[in-house]
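Tertiary structure, described
So the chains spell out like this:
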There are 4 protein chains.
Amino acid sequence: MSEQDKYSDVESAWLTCKHNHIGDTVTINIAGTQFRTLITTLNKLPLTRLGKLSADFTYIAQPVPNEIYFDRDSMYFRPILNFYRTNILHFPHDLCVPLIRLELEFWGISECDLAPCCQEILENFDILEKEKGKLEKEFNSFKTIKTTHYEGGCESWKQRVWTFLNDPTSSRGAKVWTTFYLLLLFTSIWTVALDSIEGYRVERPVNTSLLKDNLQFSDHQMLYLQKGSHPFLIYADNVVTSLFTLELLVKICVTPDMRGFLKNVFTIIDLLWAVLHWCWFTMYMTIIDTVVNLGSVVPVFLLTFLGMMSLSLRVLRLSRIVCYSSGLQVMILTLKASGKEIGLLILLLLMGSMVFGPLIFYAEMSVSSPNIENIPVGFWWAVVTMTTVGYGDMYPSAVSGYVVGGVCVVLGMVFTGLPISVISANFTKYQAFARSIRSQERKGKTGETGMEVR
Amino acid sequence: MSEQDKYSDVESAWLTCKHNHIGDTVTINIAGTQFRTLITTLNKLPLTRLGKLSADFTYIAQPVPNEIYFDRDSMYFRPILNFYRTNILHFPHDLCVPLIRLELEFWGISECDLAPCCQEILENFDILEKEKGKLEKEFNSFKTIKTTHYEGGCESWKQRVWTFLNDPTSSRGAKVWTTFYLLLLFTSIWTVALDSIEGYRVERPVNTSLLKDNLQFSDHQMLYLQKGSHPFLIYADNVVTSLFTLELLVKICVTPDMRGFLKNVFTIIDLLWAVLHWCWFTMYMTIIDTVVNLGSVVPVFLLTFLGMMSLSLRVLRLSRIVCYSSGLQVMILTLKASGKEIGLLILLLLMGSMVFGPLIFYAEMSVSSPNIENIPVGFWWAVVTMTTVGYGDMYPSAVSGYVVGGVCVVLGMVFTGLPISVISANFTKYQAFARSIRSQERKGKTGETGMEVR
Amino acid sequence: MSEQDKYSDVESAWLTCKHNHIGDTVTINIAGTQFRTLITTLNKLPLTRLGKLSADFTYIAQPVPNEIYFDRDSMYFRPILNFYRTNILHFPHDLCVPLIRLELEFWGISECDLAPCCQEILENFDILEKEKGKLEKEFNSFKTIKTTHYEGGCESWKQRVWTFLNDPTSSRGAKVWTTFYLLLLFTSIWTVALDSIEGYRVERPVNTSLLKDNLQFSDHQMLYLQKGSHPFLIYADNVVTSLFTLELLVKICVTPDMRGFLKNVFTIIDLLWAVLHWCWFTMYMTIIDTVVNLGSVVPVFLLTFLGMMSLSLRVLRLSRIVCYSSGLQVMILTLKASGKEIGLLILLLLMGSMVFGPLIFYAEMSVSSPNIENIPVGFWWAVVTMTTVGYGDMYPSAVSGYVVGGVCVVLGMVFTGLPISVISANFTKYQAFARSIRSQERKGKTGETGMEVR
Amino acid sequence: MSEQDKYSDVESAWLTCKHNHIGDTVTINIAGTQFRTLITTLNKLPLTRLGKLSADFTYIAQPVPNEIYFDRDSMYFRPILNFYRTNILHFPHDLCVPLIRLELEFWGISECDLAPCCQEILENFDILEKEKGKLEKEFNSFKTIKTTHYEGGCESWKQRVWTFLNDPTSSRGAKVWTTFYLLLLFTSIWTVALDSIEGYRVERPVNTSLLKDNLQFSDHQMLYLQKGSHPFLIYADNVVTSLFTLELLVKICVTPDMRGFLKNVFTIIDLLWAVLHWCWFTMYMTIIDTVVNLGSVVPVFLLTFLGMMSLSLRVLRLSRIVCYSSGLQVMILTLKASGKEIGLLILLLLMGSMVFGPLIFYAEMSVSSPNIENIPVGFWWAVVTMTTVGYGDMYPSAVSGYVVGGVCVVLGMVFTGLPISVISANFTKYQAFARSIRSQERKGKTGETGMEVR
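Residues numbered from 1 in each chain as written. Chains lettered and ligands numbered in written order. Predicted model: local features only at pLDDT ≥ 70, side-chain atom pairs only at ≥ 80, totals over all residues. Heavy atoms only, no water.

**Observations concerning the overall build of chain A**
When helices and strands are counted, chain A shows 18 helices and five strands. Sorting the 454 residues of chain A into buried and exposed places 55% on the buried side. Only carbon and sulfur atoms are counted for the fraction: they give 64% of the accessible area of chain A, which is about 20100 Å². (Helix = DSSP H or I, 4+ residues; strand = E, 2+ residues; numbered from the N terminus. Buried < 20%, exposed > 50% of the residue type's maximum accessible area, 1.4 Å probe, protein only. Areas by Shrake-Rupley, 256 points an atom, 1.4 Å probe, with all protein chains shown as cover.)

**A few points about the relation of the copies chain D and chain B**
Overlaying chain D with chain B gives an RMSD of 0.1 Å, the required rotation being 90° about an axis along which the chain moves by 0.0 Å. On this basis, the relationship between the two copies can be described by a four-fold rotation axis. Here only 8% of the interface residues in chain D have copies in chain B that are interface residues too; the copies meet through unlike faces. (Least-squares fit on C-alpha atoms with pLDDT ≥ 70 in both. Contact = heavy atoms within 4.5 Å.)

**Some words on the interface of chain D and chain B**
Counting from both sides, the interface comprises 78 residues of chain D and, opposite them, 83 residues of chain B. Taking both sides of the interface into account, the surface hidden between chain D and chain B amounts to around 7100 Å²; carbon and sulfur atoms contribute 68%. Remark: the boundary between chain D and chain B carries two salt bridges. At the boundary of chain D and chain B, one finds 15 residue pairs in polar contact (both at pLDDT 80 or more). Looking at the side of chain D that touches chain B, the element that brings in the most residues is helix α18 (residues 399-453) of chain D, giving 15 residues. By residue class, the composition of the side of chain D that touches chain B is 40 nonpolar, 24 polar and 14 charged. (Buried area = accessible area lost by both parts, 1.4 Å probe. Salt bridge = Lys/Arg side-chain N within 4 Å of Asp/Glu carboxyl O. Polar contact = N/O pair within 3.5 Å; in protein donor to acceptor, adjacent residues only side chain to side chain. Nonpolar A, V, L, I, M, F, W, Y, C, P; charged D, E, K, R; others polar.)

**Observations concerning the sheet that holds strand β3 (residues 67-70) of chain D**
All names here are of chain D. Sheet architecture is open: three strands sit in the order β2-β1-β3, paired in mixed fashion. Each end of this open sheet is capped by a strand with a single partner; those strands are β2 (33-38) and β3. Along the sheet, successive strands turn relative to each other by an average axial angle of 25°, direction set aside. Pairing between strand β1 (residues 25-30) and β2: six bridges, direction antiparallel. From the neighbouring strand, I28 faces β2, where its bridge partner is F35. In the packing of helix α4 (residues 74-86) onto the sheet, contacts are made with β1 and β2, and the angle to β2 comes to roughly 5°. (Pairing = 2+ DSSP bridges. Axes fitted to C-alpha atoms, helices over the stretch in contact; angles between N-to-C directions.)

**What about the pattern of salt bridges?**
Side-chain pairing between opposite charges can occur once the charged atoms of the two side chains come close. All names here are of chain B. A complete count under the given rule lists 40 salt bridges over all chains for this structure. Linking R317 and D270 is a salt bridge whose minimum nitrogen-to-oxygen distance equals 2.6 Å. Highlighted residues: R317 in the loop between α14 (297-316) and α15 (326-337) and D270 in helix α13 (residues 265-294), separated in sequence by 47 residues. On the basis of relative accessibility, which here comes to 4%, the residue R317 falls in the buried class.

**So, the environment of D:L249**
Residues and elements named next belong to chain D. Relative to the assigned elements, L249 resides in helix α11 (residues 231-254). The class for L249 is partly exposed, based on a relative accessible area of 48%. Taking the C-alpha atoms as reference, L249 lies 59 Å from P370; in sequence the two are 121 residues apart.

**Some remarks on unusual backbone geometry**
In this model, C:T388 sits at a positive phi of 55°, which is unusual for a non-glycine residue. Mapped onto the elements, C:T388 comes out in the loop between α17 (375-386) and α18 (399-453). When its relative accessible area of 11% is taken as the criterion, C:T388 is described as buried. Its identity as a non-glycine residue notwithstanding, D:N87 has a phi of 65°, on the positive side. By secondary structure assignment, the location of D:N87 is in the loop between α4 and α5 (97-107).

**Thoughts on the UniProt feature "transmembrane region" (unreviewed entry) in chain A**
Residue and element names in this part refer to chain A. Sites flagged by UniProt as "transmembrane region" (unreviewed entry) map to residues 176-194, 232-253, 265-285, 291-309, 344-363 and 404-428. Here residues 232-253 is 100% helix and 0% strand, with 32 Å between the C-alpha atoms at its ends. For the annotated span residues 344-363, helix accounts for 100% and strand for 0% of the residues, and the straight-line distance between the end C-alpha atoms is 28 Å. (UniProt positions renumbered as here; feature names shortened; annotations may be inferred.)

**Re the sheet that holds strand β2 (residues 33-38) of chain A**
Residue and element names in this part refer to chain A. The strand order across the open sheet formed by three strands is β2-β1-β3, and the pairing between neighbours is mixed. Both edges of this open sheet fall to β2 and β3 (67-70), since each of them pairs with a single strand only. When strand polarity is set aside, the average angle formed by the axes of neighbouring strands in this sheet is 25°. Against the sheet, helix α4 (residues 74-86) contacts β1 (25-30) and β2, and its axis sits at roughly 5° relative to β2.

**Concerning the side chain of D:R49**
All names here are of chain D. With respect to the secondary-structure elements, R49 resides in helix α3 (residues 49-55). The class of R49 is buried, set by a relative accessible area of 13%. Among the polar contacts listed, one links the side chain of R49 to the backbone oxygen of F106, at a separation of 2.6 Å.

**Examining the pairing of strand β2 (residues 33-38) of chain B**
Of all six residues in β2(B), five are buried; the element is thus mostly enclosed. If you look at the hairpin formed by strand β1 (residues 25-30) of chain B and β2(B), you'll find two residues sitting between the two strands, and B:A31 has a positive phi there, around 50°.

**Structural notes on the packing of helix α8 (residues 172-195) of chain B against helix α11 (residues 231-254) of chain B**
All names here are of chain B. Contact geometry of α8 with α11 gives a least axis separation of 10 Å together with a crossing angle of 145°. Helix-helix and strand crossings are classified by hand; for α8 and α11 the assignment is left-handed. From α8, W177, F180, Y181, L184, L185, T187, S188, T191, L194 and D195 reach across to α11, where they touch L233, A236, D237, V240, L243, F244 and E247. A per-class count over the contact of α8 with α11 returns eleven nonpolar, three polar and three charged. (Left-handed = near helix turned anticlockwise from the far one by under 90°.)

**Some points on a positive patch on the surface**
Judged by side-chain charge, A:K130, A:K134, A:K340, B:R435, B:R438 and B:R442 come together as a positively charged surface patch. For the positive patch, the elements supplying multiple residues, two or more each, are α6 (116-147) of chain A together with α18 (399-453) of chain B. If you tally residues by element for the positive patch, the top one is α18(B), at three residues. Within the fold, A:K340 resides in helix α16 (residues 339-363). Classification of A:K340 by relative accessible area gives exposed; the value is 58%. (Patch = residues over 30% accessible without salt bridge, like charges linked within 9 Å, V, L, I, M, F, W, Y side chains within 5 Å. Lys, Arg positive; Asp, Glu negative; His and termini not counted. Charge placed at Lys NZ, Arg CZ, Asp CG, Glu CD.)

Here you go:
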């Protein structure tokens, strides 16, 4: 509908009001509040409830002639009546979306007729409700790890052990156990970390020359092959792993729902890790010296690979902390929901490095011995510069390089700033969700008793 | 109007109410809601609709003496009536801007009479609408690259090929093709990247001494002239370029609108690149050795320039990803709209470096062998410091330098933080726009059918 | 209540309005505004005030039959009546929370019946009020350090001295004193700082070889043991400490509330520091040379420990600035309230370093002499990279290391960005709180007189 | 007033409504809308307008007994009436602050009775208005530099020259001139910058040994004393300065308001610079060689000082760009208004460095040759780390140092993040202000004509 049409509507309404008789108006009583309007106004939308009535309203109105009564809220009716007059359907932004929908349905008006700004509000409401629902479900999935499987018909002591091992909030002892468990986890990571320090390793009788000939190991890697792990670290690692294996076995024994337990991602990590670690340990104790002396490629790689897998899995086990920290849960759900923005961030950094990598290489070519020796290294320089890390292993040293570097860092700050600001906004939103979900849960427990009191 | 006047207005209204007769008031019936006010109040603005009526209202009012009826919304009338009383025209902020405009027009009141806070709302509404309209247009321009040119009266198989090559959403095969195309693009960039690594280049018979005498090449540049590209990389690059050239030729054959296609910026890049690459390749294969041996300046520069152009264009071709990622589209439109802020950011960094470059140079003069040897290098140090990149190639080492450095980094953080926060806010706004535009498009398809149902 | 039920409600209301008699409706007069509704609607919630009345309303309504009068606000009644009709209780968001509560209580409706969006508003209001109350208390605790202890019945000159020393706003002299006091504090820190510079220390006759044999001191530590503090610095330090000790003694003499004063955290720091410093100084002057020459471990460690304690305490004394800067007070309260977010930030950095430390070690193993020599050093590299500090003491130099580094920095920016954005939002909120608390205090002083005028 | 009192109020109102006669209520007609309330309710605040009337309202009410009429807005009266009932005075947040004030004044109610949330809104409104007013004034002060001084009764050509030199928007030529002027400014900075590069300087006959004996110049400074500026740079600098001097002289000749012109900060900078430069140049050309050869301290220092002053002033002249970029103007006003936050940022960085400087020194003491050699250097390290610049000139290398570094960087990110987020918010606010001020100016020009049309 064009601006011109609107104006002529306005004009005609005015003319109508000036010359028509009282008989041409109808009074609509909305729960005590009277609205008087022209019948011609109501006729504009003949397929709606009021439009249908406008023809034959006289025999409906009971108390006063020309008056019809509806038991609705006049606050929500006013914008609807104005829609008949102006063809613009706008509800004040502080009205309730479900109530608006209810009224629209009652009066027979489609949501598509809403003004764009109101449609946006309805949409945002729907999106928020959907996101909140999803979040609630995901929060519950974090909890079910602790709380399900209880209903199974198992003996009392099994259930107690299960609760003790899985729910840190169940008792004081369970809390202590969880703390101890997390400490063990950190210990197991630190044994590997300390094992990587050269000074903590011990010499072993190795035929280096043979190994060097057969394999393309770097000097750094050779150094680690020539020396073995310190016996104390191996011992400590075994103690920790034994404890974890024991805990896992106990859990398998007492779980009321074996199937669900084995499907759980944390169980799989634990199980895999235990198997891997003991395999690796057996092999390491028995054949490592022989293997290294023989200098054959495959077993050495296999052992190294097993060791690295064992380590990665013990780092993955850290994810169990997620079950205990609600802040981390919100963070993970935020990252999940911000996949698009993180993708954009990575894409922008990649494209930026594709553009600035070659540029800096060409810009620095005139320098006798530049830090940025080739384009792939330039890609890395661009990433380090755009993220403002700036290690200083590579830096421009010609004037043209300074210019490229300046542009690169400005664009980088913009590129990294924008997606992160969006992800931050998501995080704030999700935190508010989480808070409201938690408070509703609390209310849910007390609300029902309150209902009975009234 | 001063504060004093307002007060006397208030007082006179009160006195009026105390002593005047009922006959001095008029009842205005706005669609059933009655407003009673003093005629003197309405007389204050004699050029508006109500002001004009106030003199001769008696013969208009029909049902009850001293009552006039208007079929308008009472919600929007209340602030207007209050404007007559208080000379302040304020609408609640949750009312609809187009409806406010409609009412102002009806009652004959200018927008300039609105209170400043309301004027701001109207302006922001206009700005948002304008920006949204612009954004919608720009989004469509991204799409038209894919979807236009279809109506041309060309054969069916041509159209099918065209759609296949241009619209990745048209079929499964088109998606695979797009993925393959992007992979090719990356390959073509990597061939150049790998070519820049010294170890991947092969020796060629070059008379270095001659070249060195004639030109001022740096050692690093000489190294690249002495060695040629690896045959495999040249081969791979040619295969990729051939594929692109083929794709371009096919597109030219099947395009239904040759003119529009050739005007398209992506086509121009593709075309230019193909021509440049083949020129460069022909020259490289035939004359490079002769040229390098002869040591004459112009051809060497020409070849190098052609090679660099060929590379830059293949990086520019990466921009084609924009057509496939809506996140990137929003990002580009944000950057376009935030041109002023980016300009401010660059201006601030430039001015900061102009100020802190000389300062750090003088501050570091007392050190025996400072890193910051002269003022132009100080400019670079200031940029690196203000953006918190901090390569470490230059850093202050005197107490005066520490002070300058501290002030520089604090100002830098403020200078870079402010514009980026504004650009981030723009990005969030544009993302919301993009979302609402997309959802309106979706509704647009289903909405019309919904209209008919009612 | 399902969607279906709602709809049937709507339908029945409509049917009722179409066929029932006027006698089935009741008029509720809310301070002059009439609401007419069906008695069946009111019967839906029989335990509320209106529900109870609906049975026997006839004998209550006085002026007009079928009308009951309540002296309440119709604005707040409208949503309540709509709740009877639609089972959704929603108040517009610009209504006042305490008034909403008052009305709910009056009409006998539970807060649990509110729609989720409104419940959130009520909760946020409660949370804000609670936080504001807490903040007000904490602000006052900062102030009480200055203003309490006055009422004690001590002589006039004591009180004057006390006020002079504690409240910088009391007089011009007190302001000068505070400035002088802060300058002294900085001087006392700088004496220690200058003492650590090698060039400012003087030789002392020490039997180094003996000391070296007995203890595992590093070369750097030996250097400090071999040289003594410069006499001038010791002299300056003593002057400053004497002044502080004097101030403390004066304060102890004039304090009106000895107990509260000694419990104050700032007094404890001052006291401890004075004692420590004089102990250390006596020992240092008398026995240091003997001790160092003898090379026995315990006294050397004791002296060093005392010296370090003395320094830490003088840095802690800097916290006294908090009493003078309201910005710092808000900052500290923000950090207190954001404990969870700071914990999350640290947890994320720790977990990130646990994951990326080993990864970068394995990724860099293939390099002959990598910077990242072992996993614990890798943890540090991960922290430096994730926070974008990027010293450059360690950096990846293999392609696999570049990939790990890129992922690490992207995740790091997200990990650090999110909690800091939440803490920033808290800071903004707390600043607004502080502003409103201050303005209320100002009003509180003038408001009461204003009350009397009216 | 306590919660208990409120409740009893509610109860009494209810009891009143149940048992009292109709005669105890009064009807207040607010411009057609009727409010009926108990006289006892109005009696609660006897000193207000309604309270005073409640005793003797019968003889005022004219049309109907027990009804008083006021020509006010019922929207603003409703909360006021509710205040009589509940003792809580709350206005919906979308009402207009000036109108609320007008109504409060009319009904004789003090602003102090408002609920805290509403008081905050009124205060924020006042603060915003004040800030906006201040901003408008400051914006105008930027403009007056260009536009004042015109009214003086000077000849036409003088005015034309003046406008040409000062207002770049006045004509096309003025724009070109401004661009040329800014280019000159950059040139004049670059001449100094290039002069600092060693390779661009020329040898001069200097008796170095003599100078070295007399003064404590560093090697770096000696290098600059031994070599003189390149003649071309001196020539270029003189040309540029001559042009600036000429422009200044022309301005002085044509200025219509000599006094205001000479008081202007930009004029003072220009004048000072011109004088300084020519002094320095004369001295440099005549006596520099003699002075350096003689090796006397004072003249060398004087010459160096003059040269440095000349440079700083030419950098200060860059501030003239502020007159041309509205973005910069907003930035400067933001920084002015955020003085408190910038102070907090600097204070936090200072305190952080005071704490972490000594900590890192002690933590690194066990390393044989640490980078962080003493505490003052540790202060610098702390600043570089907290701002995430991370040059890498100093970095921890012991485990205890890693821990201190980690804590330092986390706290630093929080410390720098919070004030900058507040300053960013200020910047956004000021940008919105600037936009609205500019649009009001535009309206101001067209608005008045619009007034006449109506």
